[in-house]
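Residue-level listing of the chains:
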Number of protein chains: 2
Amino acid sequence: MRKMMIAAAQIGGIQKAESREAVVARMIALMDAAHAQGVKFLAYPEMTLTTFFPRFYVEDRAEFDHWFETEMPNAAVQPLFDRARDYGMGFTFGYCELTPEGQHFNTSVIVSPEGEIVLTYRKTHLPGHAEYEPERTHQHLEKRYFLPGDTGFNVARSQDVLMGMAICNDRRWPESWRVMGLQGVELVSIGYNTPSQNNLSKTEGLEKRLYHHELSVCAGAYQNSTYAIAVAKCGMEDGNHMIGGSIIVDPDGFVLARATGEGDELIVAEADFDKCAFGKSTVFNFAAHRRIEHYGLIASQTGVKEPQQ
Amino acid sequence: MRKMMIAAAQIGGIQKAESREAVVARMIALMDAAHAQGVKFLAYPEMTLTTFFPRFYVEDRAEFDHWFETEMPNAAVQPLFDRARDYGMGFTFGYCELTPEGQHFNTSVIVSPEGEIVLTYRKTHLPGHAEYEPERTHQHLEKRYFLPGDTGFNVARSQDVLMGMAICNDRRWPESWRVMGLQGVELVSIGYNTPSQNNLSKTEGLEKRLYHHELSVCAGAYQNSTYAIAVAKCGMEDGNHMIGGSIIVDPDGFVLARATGEGDELIVAEADFDKCAFGKSTVFNFAAHRRIEHYGLIASQTGVKEPQQ
C-alpha cells in the first residue's frame, strides 16, 4: 500500500491590492493546518498568487506584466518553499509565468518535499477570447494575456506517485486526462478560477457550473483510474464571484472530500495509490482495450468537419 | 428550432429460449407506445434480439453462430422496419452480425423513417476476455465471440440531425465521443447490456455501476455538446442481473429522462437539436480551443508507458 494524506487548499478571493506576501502568508497558514493533519501533498489553485486579472481588459498587455513571475521560486514565495521542506511536504500551485524570452504562460509546478521543482506545466486549453467583447457579462481574456502552453501533459514520479497537472479549463477536455493516463498517472492536480456565471449565457449560473466542474473531474479520474485534486480560488474577487467546490476524487470517480465554503479552506483525504491499479488493469486496461486505429481524428483534426452527404 | 420527440425503449431480460419473433413483438409494442407520444426517433439496446450470450462459454465458437444475423433486415425483424415506416419513425437497435466473409461483430444500425439503414456501427471497445477465466464471478467473453469493430465512429445525417452510435463499453471511452464530436454529432445512441456485478470485484455492485454509466454518458454528452440516448437491456436474463438505468441526456450533460424499472419501459424527452450549437460554439468550440499538438499519444500509443526517471 502507498497510503498518503493529500489535501486541497482552497483560497478565497485575492483582491487586486493584495500583495504576494499576504497571499503566501495565507497559503502557509493552510499548509500549517495540513501538516497538523499529516498531509504529505498539498494542492493550491490556478494563479494562486494574484487576482484573476484576465477579467480586466488592458490595451497594452505589458501593463499587466506585474502579475507575472519571472523566476520560481522567488523571494515572495520562498517562505512557502521553506515551510514545505521543513514539513517534508510536496505541493503544487499555479502562477503566471513570464519567461526570459518574453513569453507569457499560465503555469503550475509540482514541488518535491525536498523543495525541488520536479514538473512544470503550462496551461494548454486557454478559454475565453483575446479582444474586448462587449456582449459578454464579463471579460475572460486568457487568450489575450497567455500563450497556449508548450509543455503538454507530462507526468513525473514524486513521492513514489506518478503525478501530473492540468489547469482550470483543461479539466473539461478528456484529452488532458488521457495523455496523462497513457503515462500511468496516479494523481492529477488541477487548480481553477471558474466564474460563477457563464459570460455568454445568463441561464448558466453557479449550480450548473459546479455540476459541469464535478462531472468533468469525476469522469476524468474514473476513466483514467487516477486520484484527482481539483482546487479553487473562489468567492468574491474584485467584485466577481467564482464557484469554489474544491474536491478530492478517487480512481473510481467518487468524491472523497468537498469544500463547502467560499474562503480559505482545507479539505483532506487519505489516498492509497495502489488503488489505481485495479481500474488500470481491468476495465481501463488500455493495452487490452484501446483501438488507436479509430482515434486518428482526435490528434489530426482540430475543429469540427461535418460529414458530406 | 429542430425539435423532435426522442425515446429509449428499455428492454427487460431476453431469455435463451425466447425467439426473435417474440422479441420483435415486444419491440413493436414499445414502438406503438412511442408513436402515441409523438416520438420520431427511438433507440433500442445493444444485442436487442437475443440474450447476452457472451456470459456463456462454448469451446467451438461456431456453436453460437445461431445468435448472429446474416442479413439486416431479415424476416424476423421486418415487421419492426414496416411498423416504423408506417409511423415515419427513425430508430436504432443492436444485434450480432455475421458477415458473408465469416466475421462476427457486435453491431448496431440507424434506420431512417423511410426504412433505409443509413449508418452501421460495429462495436470498437470489446470488454472482457477471450478464454474461460474461473476467477470471475461470471464470464464476459465478448473478446471470444466478436472481432473489434472495423467501422470506427462515423456520423450520418438522418432526420436533419447528425447521428452517431456507440455500444455499451464504448461509452466509457472519451475517444468514442470525441471522434463523433469532431464530426459535429448531435445525437449519440448507445445500447448496453451491463451486468450489475463487476465480475472481478465483489464490492462493485449495482449502485457503483449505475454511477459509472451515468457519469460516462453525461460527461460525453456535455464535452461534445450532443444529445445522448443510453438504453439498456436490463433486469434478470438467464439468471444474471443487468443494471438498467436508461437515460436521455441533453447537450449540457443533464439527464432529461431516466428509466426506473427493470423491464420493458419507454422513456421520452423532447430534444431541440439547435441547442447543440451553444456548447459547440463557446466552451467546446473545438477549432478555437483544441491543441492537437499535445494529443499525439492518444492516437499513437495504445497502452501505458510510464515516464523513465
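All of these numbers come straight from a predicted model, not from anything done at the bench.

Please explain the interface of chain A and chain B as it appears in this structure.
Interface size is commonly expressed as the accessible surface area that is lost when the partners come together. Between chain A and chain B, the residue contacts involve 69 residues of the former and 69 residues of the latter. Linking chain A with chain B are eight salt bridges, by the criterion used here. Between A:Glu175 and B:Arg178 there is a salt bridge, with the nearest N and O atoms lying 2.6 Å from each other. Joining chain A to chain B, the criterion identifies 36 residue pairs in polar contact (both at pLDDT 80 or more). For the side of chain A that touches chain B, the elements supplying multiple residues, two or more each, are β6 (155-158), α4 (174-181), α5 (206-224), α7 (286-289) and α8 (296-300) of chain A.

When you look at the nonpolar core in this model, what are you seeing that I'm missing?
Counting 112 residues, the largest nonpolar core has A:Ile6, A:Leu187, B:Ile6 and B:Leu187 as the members making the most contacts within it. One finds A:Ala7, A:Ile14, A:Leu42 and A:Met89 within the second-largest nonpolar core, a separate group that totals 29 residues.

When you look at the relation of the copies chain A and chain B in this model, what are you seeing that I'm missing?
Superposition of the two copies of the chain requires a rotation about an axis and a shift along the axis. Overlaying chain A with chain B gives an RMSD of 0.0 Å, the required rotation being 180° about an axis along which the chain moves by 0.0 Å. Such a turn and shift between the copies fits a two-fold axis. Counting the interface residues of chain A, we find that 100% of their copies in chain B are interface residues as well, pointing to one common contact surface.

Can you help me understand the pairing of strand β6 (residues 155-158) of chain B in this one?
Residues in a regular strand project their side chains so that they alternate between the two faces of the sheet. Residue and element names in this part refer to chain B. Note that β6 and strand β7 (residues 161-167) share four bridges and pair antiparallel. The residue bridging Val155 from the neighbouring strand is Gly164, located in β7. Counting the residues in the hairpin turn of β6 and β7 gives two residues, including Gln159, whose phi is positive at 55°.

It is not clear to me how the UniProt feature "domain: CN hydrolase" (unreviewed entry) in chain A should be interpreted in this structure. Could you clarify?
Mapped onto the present numbering, the UniProt feature "domain: CN hydrolase" (unreviewed entry) falls on residues 4-273 of chain A. Helix makes up 21% of residues 4-273 of chain A and strand 31%, whereas the separation of the span's terminal C-alpha atoms amounts to 8 Å.

Looking at this structure, how should I read α5(A)?
The α-helix advances 3.6 residues per turn, and as a result positions three or four apart in sequence lie on the same side. Helix length check: α5(A) (19 residues) gives 27 Å between terminal C-alpha atoms against 27 Å at 1.5 Å per residue, within 8%. Following α5(A) by one or two positions, A:Ser225 adopts a phi angle in the positive range, close to 50°.

Just to check I follow, could you spell out the side chain of B:Lys233 for this structure?
Topologically, B:Lys233 is positioned in strand β9 (residues 227-237). At a separation of 3.0 Å, a polar atom in the side chain of B:Lys233 contacts the main-chain carbonyl oxygen of B:Thr50.

Explanation requested: the pairing of β9(B) in the structure shown.
Residues and elements named next belong to chain B. Most of β9 sits out of view: 10 of its 11 residues are buried. Pairing geometry for strand β1 (residues 3-12) and β9, over two bridges, is parallel. Across the sheet, the residue bridging to Ile11 is Lys233, located in β9. For the crossover that starts at strand β8 (residues 187-192), traverses helix α5 (residues 206-224) and ends in the parallel β9, the hand is right-handed. As judged from the three bridges shared by β9 and strand β11 (residues 247-249), these two strands associate in the antiparallel manner. Among the inter-strand pairings, Ala228 is bridged to a residue of β11, identified as Val249. Sheet topology places β9 next to strand β10 (residues 240-242); three bridges connect them, and they run antiparallel. Within β10, the residue paired with Met236 across the bridge is His241.

Help me understand the packing of aromatic side chains in this model?
Both the distance between ring centres and the angle between the ring planes are used here to describe each pair of aromatic rings. All names here are of chain A. Scanning the entire structure with this criterion turns up 38 aromatic pairs over all chains. Pairing Phe81 with Phe91 gives two aromatic rings, centres 5.2 Å apart and planes at 85°, and the pair type is edge-to-face. Linking Phe81 in helix α2 (residues 78-87) with Phe91 in strand β3 (residues 90-98), this pair joins segments that are 10 residues apart in sequence. With respect to class, Phe81 is no different from Phe91; both count as buried. Centroid distance Phe91 to Phe93: 6.0 Å. Interplanar angle 15°. Geometry classified as stacked. For the residue pair Phe91 and Phe93, the accessibility class agrees, reading buried in each case. Each residue in the set Phe53, Phe64, Trp67, Phe68, Tyr145 and Phe146 is aromatic and connected to the rest through ring pairs, giving one cluster.

When you look at the packing of helix α1 (residues 20-36) of chain B against helix α2 (residues 78-87) of chain B in this model, what are you seeing that I'm missing?
Axis angle and axis distance: for two packed helices, these are the angle between their axes and the distance between the axes, and together they describe the pair. Residue and element names in this part refer to chain B. Between α1 and α2, the least distance of the axes is 10 Å, while the angle of their chain directions is 10°. Taken together, the axes of α1 and α2 lie roughly parallel to each other. Along its contact with α1, which presents Val24, Met27, Ile28, Met31, Asp32 and His35, the element α2 presents Pro79, Leu80, Arg83, Ala84 and Tyr87. Of the residues assigned to the contact of α1 with α2, the class counts are eight nonpolar, one polar and two charged.

I keep staring at the pattern of salt bridges and nothing clicks. Help me out?
Where charged atoms of side chains with opposite charge meet at close range, the side chains can pair. Considering all chains together, one arrives at 48 salt bridges over all chains under this definition. A salt bridge links A:Lys208 to B:Asp252, with the shortest nitrogen-to-oxygen separation between them at 2.8 Å. Taken together, the residues span two chains, with A:Lys208 in helix α5 and B:Asp252 in the loop between β11 and β12 (255-258). According to the relative accessible area criterion, A:Lys208 is partly exposed, its value standing at 27%. In this structure, the salt-bridge partner of B:Asp82 is B:Arg85, at a minimum N-O distance of 3.5 Å. Residue B:Asp82 and its partner B:Arg85 are both found in helix α2; the two are separated by three residues, about one turn of the helix. Classification of B:Asp82 by relative accessible area gives partly exposed; the value is 27%. Judged by relative accessible area, B:Arg85 falls into the partly exposed class, the value being 44%.

Whenever I open this one, unusual backbone geometry confuses me. Can you help?
Keep in mind that most residues, glycine aside, have a negative phi and that most peptide bonds are trans. All names here are of chain A. Of the consecutive residues Met72 and Pro73, the connecting peptide bond is found in the cis state with omega at -5°. With respect to the helices and strands, Pro73 occurs in the loop between β2 (39-43) and α2. Unusually for a residue other than glycine, Gln159 sits at a positive phi of about 55°. In this fold, Gln159 is placed in the loop between β6 and β7 (161-167).

Help me understand the confidence of the model for chain A in this model?
Interpretation of the predicted coordinates at a detailed level should be avoided for regions scoring low in pLDDT. For chain A, the mean per-residue pLDDT works out to 97, and 100% of the residues sit at or above 70. At the low end of the mean pLDDT range in chain A sits strand β10 (residues 240-242) of chain A, at 96; at the high end sits strand β11 (residues 247-249) of chain A, at 99.

Help me understand the side chain of A:His138 in this model?
Residues and elements named next belong to chain A. With respect to the helices and strands, His138 occurs in the loop between β5 (117-122) and α3 (142-145). Here His138 falls in the buried class, since its relative accessible area comes to 15%. Reaching out from His138, the side chain makes a polar contact with the side chain of Thr137 at a distance of 3.2 Å. Not counting residues within four places of it along the chain, the set of residues in contact with His138 comprises Pro195, Gln197, Asn199 and Asn240.

Cut-offs applied
- Residues numbered from 1 in each chain as written.
- Chains lettered and ligands numbered in written order.
- Predicted model: local features only at pLDDT ≥ 70, side-chain atom pairs only at ≥ 80, totals over all residues.
- Heavy atoms only, no water.
- Contact = heavy atoms within 4.5 Å.
- Salt bridge = Lys/Arg side-chain N within 4 Å of Asp/Glu carboxyl O.
- Polar contact = N/O pair within 3.5 Å; in protein donor to acceptor, adjacent residues only side chain to side chain.
- Helix = DSSP H or I, 4+ residues; strand = E, 2+ residues; numbered from the N terminus.
- Core = buried A, V, L, I, M, F, W, Y, C linked by side-chain atoms within 4.5 Å.
- Buried < 20%, exposed > 50% of the residue type's maximum accessible area, 1.4 Å probe, protein only.
- Least-squares fit on C-alpha atoms with pLDDT ≥ 70 in both.
- Pairing = 2+ DSSP bridges.
- UniProt positions renumbered as here; feature names shortened; annotations may be inferred.
- Expected span 1.5 Å × (residues − 1).
- Right-handed = clockwise from strand over helix to strand, strands pointing away.
- Phe/Tyr/Trp six-rings, centres within 6.5 Å; stacked < 30°, edge-to-face > 60°.
- Axes fitted to C-alpha atoms, helices over the stretch in contact; angles between N-to-C directions.
- Parallel < 35°, antiparallel > 145°, perpendicular 65-115°, else oblique.
- Nonpolar A, V, L, I, M, F, W, Y, C, P; charged D, E, K, R; others polar.
- pLDDT = per-residue confidence, 0-100.

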